[in-house]
Amino acid sequence: MANMENSFRGSVERMFTHAAGLMDLSPGLEEKIRVCNSTYTVRFGVRLRGEIHTFTGYRSVHSEHMEPVKGGIRYSLDVSQDEVEALAALMTYKCALVEVPFGGSKGGLCIDPRAWNAEELEKITRRFTYELSRRNLISPSQNVPAPDMGTGEREMAWMADAYKRLHPDDINAKACVTGKPRTAGGIEGRVEATGRGVQYALREFFRHVDVMKKAGLEGTLAGKRVIVQGLGNVGYHAAEFLSVEDKALITCVIERDGAIVNPQGINIDALRGHIVATGGVRGFAGGQYHEEGLAMLEHECDILVPAAVESVIHSGNAERIKAKLIIEAANGPVTADADEILKRKGVVIIPDMYANAGGVTVSYFEWVKNLSQISLGRMERRYEEARARMLIEELERISADTGTNFKLAAGFREQFLHGADELDLVRSGLDDTMREAFGKMRDVWMANRRVDDLRTAAYVVAIRRISNVYGSLGL
Ligand code: NAD
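Note that this is a predicted model, so its numbers are computed, not measured.

### A look at the sheet that holds strand β12 (residues 348-350)
Sheet architecture is open: 7 strands sit in the order β9-β8-β7-β6-β10-β11-β12, paired in mixed fashion. Edge positions in the open sheet fall to β9 (288-290) and β12, since each of these has one partner strand only. When the angles between neighbouring strand axes are averaged without regard to direction, this sheet yields 20°. Summarising the sheet, strand β7 (residues 249-255) and strand β8 (residues 258-261) pair through 4 bridges and their orientation is antiparallel. Its bridge partner being in β8, Ile 254 is matched across the sheet by Ala 259. Against the sheet, helix α6 (residues 193-205) touches β10 (303-306), β11 (325-327) and β12, its axis set at about 150° to β11.

In structure tokens, the structure reads:
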């Protein structure tokens, strides 16, 4: 990061203030929407390896205009109050933008998860859950965490189980956290959701010639050169789907220990396997290794996908970025100063609050599933299939009766007879959410000359919705 040109929270506030300045909010309401309501800091001890170790955790609640509030829990040594508050604010705006009925929250634990084994991490996670539960900072009706950097299904399962033990009479206990494994009340498609959302966002972008033109892009995603930073949950799924399903070329992957470059396109699954086996990208045979990973952000490409940490594009390197389009899969990868520079250069940015909203969207579906205690599609699937079969059999009967020799195209029958299962419904709901939200942002961007980029448009849509809720509450 280039000095403290603006802290992550400072960047988010600057971007918010820029957008709010274009709206006719009263100063009091603007302040109410901007500020973080509360941040809880906890220090707790856990006996591990024969000693007591003290850990520091945070849970920040940015806005309770809707409840429960929602946001991930991050395990990283870089976690700080400034960071969780910035992330909680982004959650508020993100939920409003994609019409997920939650307020914004975020949590973090200052820990290097790679320094502890699974048994130790479980002890630490259960203890952290206990501390959060004592203050209603984990609860199906008030505050629902989810995975973020350094956490995943495993940690969410521990949290859900710890909560259930503390609240055995709560029939909705499973809904206290999302991103759980399927076997512990999770939903199909949650692990891939954020990366899948990035893919849907790019597909939607490439459906609109006017926005593509602003980035100097044309055609389809096929053959576009893509650089991805961070091949974790979000980066891996985005890169895998874009390369396998949309035929984009992932020409560079940047990880902690360096970068892999291959102008013909990297085999993402193979690289992921290599990272899991060796802990990094060094030594991967499917591309050229470069030790200076960060410098690769400035490599020639069409689309840059920062999917690791915040503030990696700053005033010190923004001028040298060559991508035409940046999609912020991570939260806050572009600082407010860099944002200005890139805008001047004509680089289009699909902002984090939209680009990575797939995670919270599918988390919302999981929460609804937990509350309704039934998996998505269970009631309709066979009914739909029976009706589709009726239609095909009737067409075949008419064809036989009239001698028209009617023939279905190869593969059509199976596809048509397939009733939607949970994964189909989740992907459909996510696709719809990403398309709708893009449409709203695009309308604001295109209709108002003072709205000079997609990020400002996203803030305007989100702030308007939040102020409407406050309005209906009499504020
Ligand atoms: P993750 O821990 O699964 O993966 C992060 C990856 O980035 C890892 O592979 C790590 O090695 C790499 N990385 C870390 N620091 C790096 C650096 N300086 N340079 C290059 N690579 C680096 O985390 P994730 O869940 O994929 O989250 C990534 C980003 O996406 C975060 O900003 C997070 O807040 C955001 N996000 C995640 C979700 C989700 O559902 N997981 C949802 C919304 C937003």
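### Some thoughts on the site of the ligand
Lining the immediate environment of the ligand, one finds 22 residues, of which Arg 74, Asp 148, Thr 194, Glu 255 and Arg 256 sit closest. Within the side chain of Glu 255, a nitrogen or oxygen atom sits 2.5 Å from an oxygen atom of the ligand. Separating an oxygen atom of the ligand from a backbone N or O atom of Ala 308 is a distance of 3.3 Å. For the ligand, the accessible surface in isolation is 830 Å², of which the surrounding protein chains cover 85%. In terms of residue class, the shell around the ligand is made up of 9 nonpolar, 8 polar and 5 charged. Counting the residues that make up the shell around the ligand, at least three belong to each of domain 1 (36-184) and domain 2 (193-358).

### Here we look at the side chain of Thr 251
Examined against the element boundaries, Thr 251 turns out to sit in strand β7. With residues near it in sequence (within four places) discarded, Thr 251 still touches Arg 225, Val 226, Ile 227, Ile 260, Val 261, Asn 262, Pro 263 and Ile 266.

### With respect to the packing of aromatic side chains
When we look at a pair of aromatic rings, we describe it by the centre distance and by the angle of the planes. According to the stated counting rule, one finds 13 aromatic pairs in the structure shown. With 6.0 Å between their ring centres and 40° between their planes, Tyr 364 and Phe 365 make a pair best called tilted. A relative accessible area of 23% places Tyr 364 in the partly exposed class. Residue Phe 365 is classed as buried on the basis of its relative accessible area, which comes to 15%. By the ring-pair criterion, three or more aromatic residues cluster together here, those being Phe 44, Phe 55, Trp 116 and Phe 128. Positioned above the aromatic ring of Trp 445, the side-chain terminus of Lys 214 is 4.8 Å from the ring centre. A cation over a ring is seen here: Arg 272 above Tyr 236, with NZ or CZ 4.6 Å from the ring centre.

### A word on the layout of surface pockets
Estimates place the volume of the second largest pocket at around 170 Å³. For the lining of the second largest pocket, the secondary structure elements donating two or more residues are α10 (336-345), β12 and α16 (454-472). Of the residues in the lining of the second largest pocket, the class split is 5 nonpolar, 1 polar and 6 charged.

### Concerning the pairing of β8
Residue alternation in β8 divides its side chains into two sets, Gly 258 and Ile 260 and Ala 259 and Val 261, and both sets are buried. The hairpin formed by β7 and β8 contains 2 residues between the paired strands. Across 3 bridges, the pairing between β8 and β9 is antiparallel. Within β9, the residue paired with Ala 259 across the bridge is His 290.

### Points about the domain arrangement of the protein chain
Partitioning the protein chain into domains gives domain 1 (36-184), domain 2 (193-358) and domain 3 (381-419). Taking the mean C-alpha position of each, domain 2 and domain 3 sit 43 Å from one another.

### Topic: empty space enclosed by the protein
Gaps left between atoms show up when a probe the size of a water molecule is rolled over them. For the structure on display, the rule yields 1 cavity of 30 Å³ or more. Empty space within the largest cavity amounts to approximately 50 Å³. Every residue along the wall of the largest cavity is listed here: Phe 8, Ser 11, Val 12, Met 15, Leu 90, Gly 332, Val 334, Asp 352, Met 353, Arg 455 and Tyr 459. Contributions of two or more residues to the lining of the largest cavity are made by α1 (8-20), α11 (352-355) and α16. No other element matches α1, which puts 4 residues into the lining of the largest cavity. Counted by class, the lining of the largest cavity contains 7 nonpolar, 2 polar and 2 charged residues.

About the thresholds
Residues numbered from 1 in each chain as written. Predicted model: local features only at pLDDT ≥ 70, side-chain atom pairs only at ≥ 80, totals over all residues. Heavy atoms only, no water. Pairing = 2+ DSSP bridges. Helix = DSSP H or I, 4+ residues; strand = E, 2+ residues; numbered from the N terminus. Axes fitted to C-alpha atoms, helices over the stretch in contact; angles between N-to-C directions. Contact = heavy atoms within 4.5 Å. Near = heavy atom within 4 Å. Polar contact = N/O pair within 3.5 Å; in protein donor to acceptor, adjacent residues only side chain to side chain. Areas by Shrake-Rupley, 256 points an atom, 1.4 Å probe, with all protein chains shown as cover. Nonpolar A, V, L, I, M, F, W, Y, C, P; charged D, E, K, R; others polar. Domains from an automatic or database assignment. Phe/Tyr/Trp six-rings, centres within 6.5 Å; stacked < 30°, edge-to-face > 60°. Buried < 20%, exposed > 50% of the residue type's maximum accessible area, 1.4 Å probe, protein only. Lys NZ or Arg CZ within 6 Å of the ring centre and 35° of its normal. 1 Å grid on protein atoms, 1.4 Å probe; cavity = no way out; pocket = protein on both sides within 12 Å on 5 of 7 lines; lining within 4 Å. Points joined across faces, edges and corners; volume = space filled by probe spheres on them.

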